[in-house]
Amino acid sequence: MGYNARFKVWRGDDTDGELEDFTVEVNEGEVVLDIIHRLQATAAPDLAVRWNCKAGKCGSCSAEINGMPRLLCMTRMSTFGESDVVTVTPLRTFPVIKDLVTDVSFNYAKAREVPSFAPPADLAPGEYRMAQVDVERSQEFRKCIECFLCQDTCHVIRDHDDNKPAFAGPRFFIRLAELDMHPLDTLDRKREAQQHHGLGMCNITKCCTEVCPEHIKITDNAIIPMKERVVDTQYDPVVWLGNKIPRRASAAANRALDAGDASAAEQHARARLRDKPTDRSALRALEVALSAQGRFAEAADVTRVQLAEAGRGNSNRRAALAAHAWVMLCAVEAGQLDLENCEEEIASTLQQAQRLASTGTVLAGSHALHNLVHGRLAEAVEQGRETLHWDRPPQTRADDLLTLSEALAGLGEDGESASAMSESLTLWPDNPRLSSARSNLRETGVG
Amino acid sequence: MTEIERHAYDVVVIGAGGAGLRAAIEARMQGKRTAIVCKSLFGKAHTVMAEGGIAASMGNVNSKDNWQVHFRDTMRGGKFLNHWRMAELHAKEAPDRVWELETYGALFDRTKDGRISQRNFGGHEYPRLAHVGDRTGLEMIRTLQQKVVSLQQEDLRTHRDGEAMIRVFAECTVTELLKDTTGGDQGRISGAVGYLRENGTFVVFEAPTVILATGGIGKSFKVTSNSWEYTGDGHALAMKAGATLLNMEFVQFHPTGMVWPPSVKGILVTESVRGDGGVLRNSEGKRFMFDYVPAVFRKQYAETEEEADRWYDDPSNNRRPPELLPRDEVARAINSEVKAGRNSPAGGVFLDIASRLPADAIRKKLPSMYHQFKELADVDITAEPMEVGPTCHYVMGGVEVDPDTAAAVVPGLFAAGEVAGGMHGSNRLGGNSLSDLLVFGRRAGLAASAYVDGLGASRPAVSDRDVEAAHRSAVALFDGDGGENPYALHAELQQTMNDLVGIIRKAEEMQSALDRLDALKARARNITVQGDQRFNPGWHLALDLSNMLIVSECVARSALVREESRGGHTRDDFPTMSPEWRKVNLICRPDGDGVAVERKPLPVMPPELLALFERDELNKYMTDDEISTLPEATA
Ligand SMILES: Cc1cc2nc3c(=O)[nH]c(=O)nc-3n(C[C@H](O)[C@H](O)[C@H](O)COP(=O)(O)OP(=O)(O)OC[C@H]3O[C@@H](n4cnc5c(N)ncnc54)[C@H](O)[C@@H]3O)c2cc1C
Ligand code: SF4
Ligand code: SF4
Ligand code: FES
């Protein structure tokens, strides 16, 4: 199974060095880091390399393989032919310490220059409330394992040490974007990025996105949106002020929601949207406020706007698609929308959401309701049961139980239907779907 | 004396994982000058690998959850060998520690009403694990790392030096703790000595307190989910400084690690594969777990494949498949099949999901496993079975500490996180480690600060002779001409521990392990290190090896003494749990060149906590004598 591979490994220090040739055994399934370890155990015990997890999780083992910035532990030997020479060199953008180990302190210095997360001063621990859709945008950037491959590949600093003082690099653009999109951060990150971290020096070559082992869409989801919004905040002080002040209106809407006052929340959100019709937080608050009042058809108009504003990031889009499909289905169930008229939109929204969802079960509740409104009861029951195996927040579970209960009632499974209903009621007695669901159930003689 | 860098601090924290960072943050917030020392780059500590989540009874998903339920689950998981006070503090304080992370900037997954979402996990009665997808450890490390940076930014504003109050010494390995001769027969901690990996320069930290937060010991075993850092340094440093280790025989083996290809052997395969219908088969194609259901679990587990298969759709009318027995049971079963020769080609068993679910469903339900096997093993888990086997995952044993202050027996020495013992008893529940790190990291930081305050002018002094001795012994490895190769010795050690002190233990095998450890110890004296002191992995390993040898001896000796099977310690020759042994902690202390094991009574749980359990349950664990002294309320 094994074969002997030819390796060239850079050896040396900050003063001098050269590529050293090795012939080394390779076994099935091995990654480049295994080969480096074999060299250490046999031919070169003092060969310097960094690594920790050997599972692509810590970002320690960054180097360049045949000139490409890569993780040594995630590059399989099977990607090379048996006769290929594999050349391993240290990251080029940073000074060499020894062999494959470089001095990456540049990155830690830049990290210290980004002002830290600044939550509202009066928010106590335990009282943070954020919607999943709102945190997902920043969560994508928090997947970063700090391998610094993006920093290594970025041409602005790759062979230009002179640019280093002014340029933070893609890793820290996503850090700034992460804070910018954090629902509770209070600082202005876009100006910061432009004025102090050299965002303007990036000319969107996307090389950073290509090498990111975490598949973070550095350019599309962080750099471009930051640049776009920097443009409007940077050059138009009126827009900038306007952005900061009425933001309080959407904060007020969210507070009203927390307090359970949906109509107050609706008013605050609408006030904010008059100033800025695409304010994400206000749109979200309005959607929730309308749904809470059982006005699903109107909520669907809001989710349609949210969807249009969701941008290209997968997780945002998925969340927006899922939300839109869901409120449309609730509207159909409640008789506020006509199934025939909107079936096409529902089906395509669901389908797109499913394509972006990482697991099928995420949308099982929506599929169940979709089947239910079409009267495909057996399918609805099957999917409804599936949702129950999953650990979901109480209101989601209440919704899923409700759908299941209705579908079971339709099939004459009254006992199971009633017990699903009662569990649903305990979990969420104020579910706005209840009135329509109840009347459906009464028709079938259960409710 | 050769050139040695010197630094003075109030508190030196060794380790930059969850426990170390939380401890350092606390010490700095108490106004103490604090150093964080770690072997890797900042932000790479082992905590980064944690996946599932962090346990805290916030009750966001099920409001019935509270600290009492969490406490009960933890004690059950540890088979009642936990230090009750640690389990109590942990259960009570974990929610605050998680909420605090949010104020530092952590972004956990959310519930529909915007709170921190919580997921179910083995042994936890309610959904309890706060999480971020399957990368919770990364979120925790990054959050704490960024909190340290934010404190440095504060210090930059107030002291015009960001490192005035808290400084990170990354890629610096501590090799020795220092003590003065005052403060009783023990001597007090006066600092630590280490070397910078980058250039081999030695560094002395003069400090009255040291907090050990060095993590675990898994690298002494051949098959492990742990990283190279897990060489038991903190355990060994504590022993060498005269502190004691508690219950070192308890090592958790996760039943499903990858076994093929050899290069990824040990990497974790998540439990959800089995939760979603995956089954274990031996080389004869037999679904063998049905043969391994122990009597105590008979009632809850299916007896036929048909019943087990029905459970997935109808859990209320059928019993669970035996693949979902607790981790230790499954790990032992796999081990027995392999020992009986019914193993898969790579020496594990088959974990089959391909024949159980449609390909699409597998890709949807287990995306990261699909990805992991595709990328690392070229195995398409929708088309063929995986090969899996047990992998060394976590050490329950550790430095013996005071539950409230994390203080070890040596004045000025503290320990928190995986390196500390007592909290998890004989077996740790998933998710209880990350919470442990925060709760006891903070407590260690507080207590170390209080200790510093109590010192007044009587600071312990560092002895230059000790520093020079520590330096000399570390560089002596370059002078050796014995010709032993550290990599080869390490491989032999790992094989020995894996084969002879692994999941299933026997007196003869452990005895022979101890003999081999003796021989390895002797050979380690003949190691020859090539090259110079600059970033030299061969030298680093040689130094780590001496720690692994000490710790391995502790594990093997304690395991030989404890004549029962409980949690992460299974004796083939003493297969049952013994109520008498439950009352016993095993303490390792240094003894000449080796290790001595002593028995010490387990601290007794107070009545108000005992009252949280049914008498029936206590009957299973306690001796008749203990039961007869229980207050009536527990009946
Ligand atoms: C794959 C995997 C998944 C896991 N998933 C979970 C989970 O979902 N939930 C959970 O609760 N637990 C989980 N665990 C367990 C948990 O991650 C660890 O127990 C925990 O992270 C240990 O943290 P720590 O702070 O004690 O030490 P670590 O994070 O390991 O940090 C140790 C630190 O000490 C430093 N150090 C060590 N020796 C020296 C020395 N001589 N000199 C200087 N510095 C030194 C290291 O450099 C490092 O910074 C998992 C473990 C693994 C392996
Ligand atoms: S897109 Fe910008 S940050 Fe990324 S590599 Fe290109 S120039 Fe650098
Ligand atoms: S953004 Fe991607 S490439 Fe850049 S440091 Fe983070 S993980 Fe690495
Ligand atoms: S060793 Fe951790 S990413 Fe490669």
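Rules used throughout
- Residues numbered from 1 in each chain as written.
- Chains lettered and ligands numbered in written order.
- Predicted model: local features only at pLDDT ≥ 70, side-chain atom pairs only at ≥ 80, totals over all residues.
- Heavy atoms only, no water.
- Helix = DSSP H or I, 4+ residues; strand = E, 2+ residues; numbered from the N terminus.
- Buried < 20%, exposed > 50% of the residue type's maximum accessible area, 1.4 Å probe, protein only.
- Contact = heavy atoms within 4.5 Å.
- Areas by Shrake-Rupley, 256 points an atom, 1.4 Å probe, with all protein chains shown as cover.
- Near = heavy atom within 4 Å.
- Nonpolar A, V, L, I, M, F, W, Y, C, P; charged D, E, K, R; others polar.
- Axes fitted to C-alpha atoms, helices over the stretch in contact; angles between N-to-C directions.
- Parallel < 35°, antiparallel > 145°, perpendicular 65-115°, else oblique.
- Buried area = accessible area lost by both parts, 1.4 Å probe.
- Polar contact = N/O pair within 3.5 Å; in protein donor to acceptor, adjacent residues only side chain to side chain.
- Phe/Tyr/Trp six-rings, centres within 6.5 Å; stacked < 30°, edge-to-face > 60°.
- Lys NZ or Arg CZ within 6 Å of the ring centre and 35° of its normal.
- Core = buried A, V, L, I, M, F, W, Y, C linked by side-chain atoms within 4.5 Å.
- Domains from an automatic or database assignment.
- Salt bridge = Lys/Arg side-chain N within 4 Å of Asp/Glu carboxyl O.

Here we take up the overall build of chain A. The number of helices and strands found in chain A is 21 helices and seven strands. Counting all 447 residues of chain A, 55% fall into the buried class. In chain A, the share of contacts with a sequence separation of at least 24, taken over all contacts with a separation of at least 6, comes to 62%. Summed over its atoms, the accessible surface of chain A is roughly 18600 Å², and 50% of this surface lies on carbon and sulfur atoms.

Here we come to unusual backbone geometry. All names here are of chain B. A cis amide bond, omega -5°, links Trp260 with the succeeding residue Pro261. Mapping Pro261 onto the fold places it in the loop between strand E13 (251-258) and helix H6 (272-275). Although it is not a glycine, Arg160 sits at a positive phi angle of roughly 55°. Take Arg160: it is sitting in the loop between helix H4 (136-159) and strand E7 (166-169).

All names here are of chain A. Taken together, 13 residues surround ligand 2, and among them Cys154, Cys202, Thr205, Lys206 and Cys208 come closest. Among the secondary structure elements, those contributing two or more residues to the shell around ligand 2 are helix H5 (155-158), helix H8 (207-211) and helix H9 (218-235). Residue classes in the shell around ligand 2 are distributed as eight nonpolar, four polar and one charged.

Residues and elements named next belong to chain B. Interaxial distance between helix H1 (residues 18-29) and helix H3 (residues 84-104) falls to 14 Å at its minimum, and their mutual angle equals 75°. Regarding the angle of H1 to H3, the classification is roughly perpendicular. In this structure, H1 contributes Arg22, Ile25 and Met29 to the contact, and H3 contributes Arg97, Glu100 and Tyr104. The residue makeup of the contact of H1 with H3, split by class, is three nonpolar, no polar and three charged.

The next point concerns the interface of chain A and chain B. Residue-level contacts link 73 residues of chain A with 74 residues of chain B. Summed over both sides, the interface of chain A with chain B buries roughly 6000 Å², with 52% coming from carbon and sulfur. If you look at where chain A meets chain B, you find 40 residue pairs in polar contact (both at pLDDT 80 or more). Elements with a contribution of two residues or more to the side of chain A that touches chain B: helix H1 (32-41), strand E6 (96-98), helix H2 (105-113), helix H3 (132-142), helix H6 (170-181) and helix H19 (394-410) of chain A. No other element matches the five residues that H3 of chain A contributes to the side of chain A that touches chain B. Here the side of chain A that touches chain B is composed, by residue class, of 32 nonpolar, 19 polar and 22 charged.

By nearness alone, every residue bordering ligand 3 is listed as Cys144, Ile145, Glu146, Cys147, Phe148, Cys150, Arg171, Ile174, Cys212, Pro213 and Ile218 of chain A. Class assignment for the residues of the shell around ligand 3 results in nine nonpolar, no polar and two charged.

All names here are of chain A. Tracing the backbone shows Glu178 in helix H6. Within the local environment of Glu178, its side chain forms a polar contact with the side chain of Arg175, the two groups lying 2.9 Å apart. Filtering out sequence-adjacent residues up to four positions away, Glu178 remains in contact with Ser138, Phe141 and Arg142.

Below, the discussion takes up the packing of aromatic side chains. Under the counting rule described, the total for this entry stands at 16 aromatic pairs over all chains. Three or more aromatic residues joined by ring pairs form one cluster here, namely Trp67, Phe71, Phe80, Phe613 and Tyr621 of chain B. The ring of Phe148 of chain A has Lys44 of chain B sitting right over it, with the charged end atom 5.6 Å from the ring centre. A cation sits over an aromatic face here: Lys92 of chain B above Trp67 of chain B, 4.6 Å from the ring centre.

Another aspect to go through is the nonpolar core. Grouped together as the largest cluster of nonpolar side chains are 239 residues, with contacts concentrated most on Phe7 and Met77 of chain A together with Leu177, Leu212, Leu413 and Trp539 of chain B. A total of twelve residues in this core trace back to one element, the largest contributor, which is helix H15 (residues 537-561) of chain B. Each of two domains, domain 1 (3-95) and domain 2 (105-121 + 132-235) of chain A, supplies a minimum of three residues to this core. One finds Ala253, Leu273, Leu329 and Cys342 of chain A within the second-largest nonpolar core, a separate group that totals 32 residues.

What follows deals with the domain arrangement of chain A. Residue and element names in this part refer to chain A. Taken domain by domain, chain A holds domain 1 (3-95), domain 2 (105-121 + 132-235) and domain 3 (360-447). Between the C-alpha centres of domain 1 and domain 2 there is a distance of 29 Å. Facing 16 residues of domain 1, the contacting portion of domain 2 comprises 18 residues. In this assembly, domain 1 packs against domain 2 so that about 1200 Å² is buried in total across both faces, 53% of it on carbon and sulfur atoms. Taken together, the links from domain 1 to domain 2 amount to two salt bridges. Here Arg158 and Glu64 are joined by a salt bridge, their closest N and O atoms 2.9 Å apart. Here domain 1 is connected to domain 2 by six residue pairs in polar contact (both at pLDDT 80 or more). Broken down by secondary-structure element, the contributors of at least two residues to the side of domain 1 that touches domain 2 are strand E3 (62-65) and strand E4 (68-71). A total of four residues in the side of domain 1 that touches domain 2 trace back to one element, the largest contributor, which is E4.

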